[in-house]
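Structural characterization, general
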Amino acid sequence: MVSPLLANVALDGIEDIHTSIRYADDMVVILKPLDDADKILKEIQEFLAVRGLKVSERKTKLLLATDGFDFLGWHFKVQANGKFRCVPSEDNYKTFRKKVKDIVNCSNYGARVKATKLAPLVRGWRNYHRYCKMDGSRFSLWRINNRAFKTFNKEKKLNRYTATELIKKAFPAVPYSENRHVNVKGNKSPYDGDLVYWSQRNSKLYDNHTSKCLKRQDHSCGHCGLKLTSEERVHLHHIDGNHSNWKPKNLIAVHESCHKYIHMGKAGKA
């Protein structure tokens, strides 16, 4: 946690040199055909030299967007038709697949334990890549899913139905929306006190019912009335307790802590 924070402090202002995207000390500079790459690189080197830093020659590359490049576990590419495409990078996918295989093939665990261990791993990976193209047999995890099912189905205590239910638990579905990520404005910070900006931005990161509730509630919690910011997750609460009732009047967006408080109150009354 300290290293990215220090990198942000040291590199603050480097994005003013040229159009770029940066996360801590990882950076992609976006060039147009008439831009002078050598001049821009020299300015960046001078910026870093003042701070006792230098550009990593091993990691610095000049690439065509049509050839594609990896950044933060994603592979970005501009296709021949001009469409921008993003998928999990090869290294990221291989690392994830190995972790899944290690759990599925572990003889120390039964299928139920494997499903419990796989669920947070798969959910986390899918959430991280939820703004990528995640269909197809590879990134939809169809092959890994099928392999896990065959392993689960071999257990004597399980039948085809129970094995299928465990697979659903082990590989939880996460909706994805390609290229819908909302960038943070360069001068904005979660600690700048601009609750309106952050609540409106974060509401764009949610889909379907939650997004509609946030807009209807003016990006405020339906329980406490405070603005919904990035400091806490947003939960969707069913007013009548019936999770099959998805009518708009029965749904409100609330803070995660408010959601727990609501259900604690109901449990106390019961």
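Please refer to the structure higher up on the page.
Let me sum up the structure you'll find in this document. (Residues numbered from 1 in each chain as written. Predicted model: local features only at pLDDT ≥ 70, side-chain atom pairs only at ≥ 80, totals over all residues. Heavy atoms only, no water.)

**Observations concerning the pattern of salt bridges**
Side chains that differ in sign of charge can pair as their charged atoms come close. Rules: For this document, the term salt bridge refers to a Lys or Arg side-chain nitrogen within 4 Å of an Asp or Glu carboxyl oxygen. Helix numbering and strand numbering both begin at the N terminus, where a helix is a DSSP run of H or I of at least 4 residues and a strand a DSSP run of E of at least 2. Type-normalised accessible area, obtained with a 1.4 Å probe on protein chains alone, sets the label of each residue: buried when under 20%, exposed when over 50%, and partly exposed for intermediate values.
Counted by the stated rule, this structure contains seven salt bridges. Across the pair Lys98 and Asp102 runs a salt bridge, and its minimum N-O distance is 3.1 Å. Of this pair, Lys98 and Asp102 both sit in helix α3 (residues 90-104), four residues apart, which is roughly one turn of that helix. Classification of Lys98 as exposed rests on a relative accessible area of 52%. Here Lys168 and Glu165 are joined by a salt bridge, their closest N and O atoms 3.6 Å apart. With Lys168 and Glu165 both in helix α7 (residues 160-170) and three residues apart, this pair spans about one turn of that helix.

**Quick word on the pairing of strand β7 (residues 251-255)**
Defined as follows: A pair of strands counts as paired when DSSP detects no fewer than two bridges linking them.
With five of five residues buried, β7 is to be regarded as a mostly interior element. Looking at chain direction, strand β6 (residues 234-238) and β7 are connected through five bridges and run antiparallel. Counterpart to Val234 in the pairing with β7 is His255.

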